[in-house]
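# Coordinates in review
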Amino acid sequence: MSLADLTLARWHAMEPAACTRYAEEAARQVDGRLVRLEAVPQGTGLPHRAVIEREGEQYALIPGGEVTVGFDVEAWQPLPEQLLSYQEESLAGGFGFEADPRDCLARVLTPRRTVTLPAVLMAVEAVRLPEVPAQVPALFAGRGLRLPCPDEWEHACGAGATTLFRWGAACPADVSPYGAGEGPHRLPNAFGLRIAYDVYDSAEMTSDSGFVYGGDGGEAVCGGYGTLLEWLPLATANRNPATAEFLGGPEGEDMFSDFNARPVIDLG
């Protein structure tokens, strides 16, 4: 059994016994143990998810293969409430946003593309940056870990979903994209990751300094940009370029502990 053959398409089609075998092999390779293989709630697009414990930390098994990531902005049809928010809040606020919301999204979302990725283990919970961003890769490598590349992060977050957000097309009603409360952004994703759940608290660096995913530090909320743009930092393909620029600059070096990274373990 080779984990190199563990593709997302194959995982979709597997029975629980086969999923268990692959998950146990992944655990064996990293001197860990399979702590749970569970059925995924309906609507997430996957039948099962596996979580492995290694050195007291939990990692989700992320199948790879040929997958599609990014977002097709040209094909996007904003929901009526999203279009209303953009017109009456974002544009009316005088922030200088583009007249067409698609142009606004195109500035921050990565394009739709097909990539080939390895199967990996990825931490269920991101960790606070232990040091300035430039030092993080070496610190992770000393523990047999690495940062995810942007394609891996988007794939792990979206788990095959083609919608703007990992949970669907809509901004959840009657809840906020930050702080305590209910909502689909608070739930584990299809792979079992706690990811893209708070615009203030869940921004994560990747192996590419120009790509920070999962949050914008609260910029859109504090700026009063409107409901759609307040939620947009949690979009799966949002690389949050302004946040990445901040983290990579002198101010980011002083505030690195407010940002996160999600360790990855390679599998053979």
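Residues numbered from 1 in each chain as written. Predicted model: local features only at pLDDT ≥ 70, side-chain atom pairs only at ≥ 80, totals over all residues. Heavy atoms only, no water.

On to the pairing of strand 3 (residues 57–62), then. Relative to strand 3, strand 2 (residues 48–54) is paired through 4 bridges, and the arrangement is antiparallel. Bridge pairing links Arg-54 to Glu-57 in strand 3. In this structure, the hairpin formed by strand 2 and strand 3 is closed by a connection of 2 residues, where Glu-55 is found at a positive phi of approximately 50°. Here strand 3 pairs with strand 6 (residues 120–123) via 4 bridges, running antiparallel. By the bridge assignment for strand 6, Leu-61 is matched with Leu-121. (Pairing = 2+ DSSP bridges. Helix = DSSP H or I, 4+ residues; strand = E, 2+ residues; numbered from the N terminus.)

What follows deals with the sheet that holds strand 1 (residues 33–39). What the 5 strands build is an open sheet, ordered 1-2-3-6-11; its pairing is antiparallel. In this open sheet, the two edge strands, each paired with only one partner strand, are strand 1 and strand 11 (264–266). The mean angle between the axes of side-by-side strands here comes to 30°, regardless of whether they run parallel or antiparallel. Direction of pairing for strand 6 relative to strand 11: antiparallel, over a ladder of 3 bridges. Within strand 11, the residue paired with Leu-121 across the bridge is Ile-265. Here helix 2 (residues 16–29) sits on the sheet and contacts strand 1, strand 2, strand 3 and strand 6; the angle it forms with strand 1, its principal contact strand, is near 155°. (Axes fitted to C-alpha atoms, helices over the stretch in contact; angles between N-to-C directions. Contact = heavy atoms within 4.5 Å.)

All told, the structure shown has 0 disulfides when counted by the stated rule. Looking at Cys-157, it has no disulfide partner, and the nearest cysteine sulfur is the one in Cys-149, 14 Å off. (Disulfide = S-S within 2.5 Å.)

The next subject is the packing of aromatic side chains. The final tally for this structure, using the stated rule, is 9 aromatic pairs. Each ring, one from Tyr-178 and one from Tyr-200, has its centre 5.2 Å from the other, and the planes form 80°; the classification is edge-to-face. In this pair, Tyr-178 is assigned in the loop between helix 6 (150–158) and strand 8 (204–205) and Tyr-200 in the loop between helix 6 and strand 8, connecting sequence segments 22 residues apart. On the accessibility criterion, Tyr-178 (33% relative accessible area) is partly exposed. A cation over a ring is seen here: Arg-194 above Tyr-197, with NZ or CZ 3.9 Å from the ring centre. Lying across the ring of Phe-211, Arg-239 places its NZ or CZ 5.6 Å from the centre. (Phe/Tyr/Trp six-rings, centres within 6.5 Å; stacked < 30°, edge-to-face > 60°. Buried < 20%, exposed > 50% of the residue type's maximum accessible area, 1.4 Å probe, protein only. Lys NZ or Arg CZ within 6 Å of the ring centre and 35° of its normal.)

Here we take up the nonpolar core. Membership of the largest hydrophobic core comes to 81 residues, with the highest contact counts inside it found for Trp-11, Leu-61, Leu-109, Leu-121 and Leu-164. Considering each element in turn, this core owes the most residues, 6 residues, to helix 2. Not counting residues within four places of it along the chain, the set of residues in contact with Trp-11 comprises Leu-6, Cys-19, Tyr-22, Leu-37, Leu-46, Pro-47, His-48, Arg-49, Ala-50, Leu-61 and Pro-63. (Core = buried A, V, L, I, M, F, W, Y, C linked by side-chain atoms within 4.5 Å.)

For helix 3 (residues 80–91), built from 12 residues, the straight-helix expectation of 16 Å at 1.5 Å per residue is met to within 8% by its first-to-last C-alpha distance of 15 Å. Burial in helix 3 covers these residues: Gln-82, Ser-85, Tyr-86 and Ser-90. The buried side chains of helix 3 occupy one side of the element, clustering within an arc of 100° when seen end-on. Structural note: helix 3 exposes Pro-80 and Glu-88 on the side pointing more than 90 degrees away from its buried face. (Expected span 1.5 Å × (residues − 1). Arc of directions from axis to C-beta.)

The subject of this paragraph is the pattern of salt bridges. On inspection of all chains with the given rule, the structure shows 14 salt bridges. Across the pair Arg-128 and Asp-201 runs a salt bridge whose closest N-O atoms are separated by 2.4 Å. Of the two residues, Arg-128 sits in strand 7 (residues 127–128) while Asp-201 sits in the loop between helix 6 and strand 8, which places them 73 residues apart along the sequence. With relative accessibility at 38%, the residue Arg-128 sits in the partly exposed group. A cluster of three or more residues bridged by salt bridges with shared partners is formed by Arg-36, Glu-38 and Arg-49. (Salt bridge = Lys/Arg side-chain N within 4 Å of Asp/Glu carboxyl O.)

This part covers the side chain of His-155. Summarising the element assignment, His-155 is placed in helix 6. For His-155, a relative accessible area of 4% corresponds to the buried category. Polar side-chain contacts of His-155 include one of 2.7 Å to the backbone oxygen of Pro-63. The contact partners of His-155, leaving out residues within four places of it in the chain, are Leu-8, Ile-62, Pro-63, Gly-64, Val-67, Val-69, Leu-117, Gly-160 and Phe-191. (Polar contact = N/O pair within 3.5 Å; in protein donor to acceptor, adjacent residues only side chain to side chain.)

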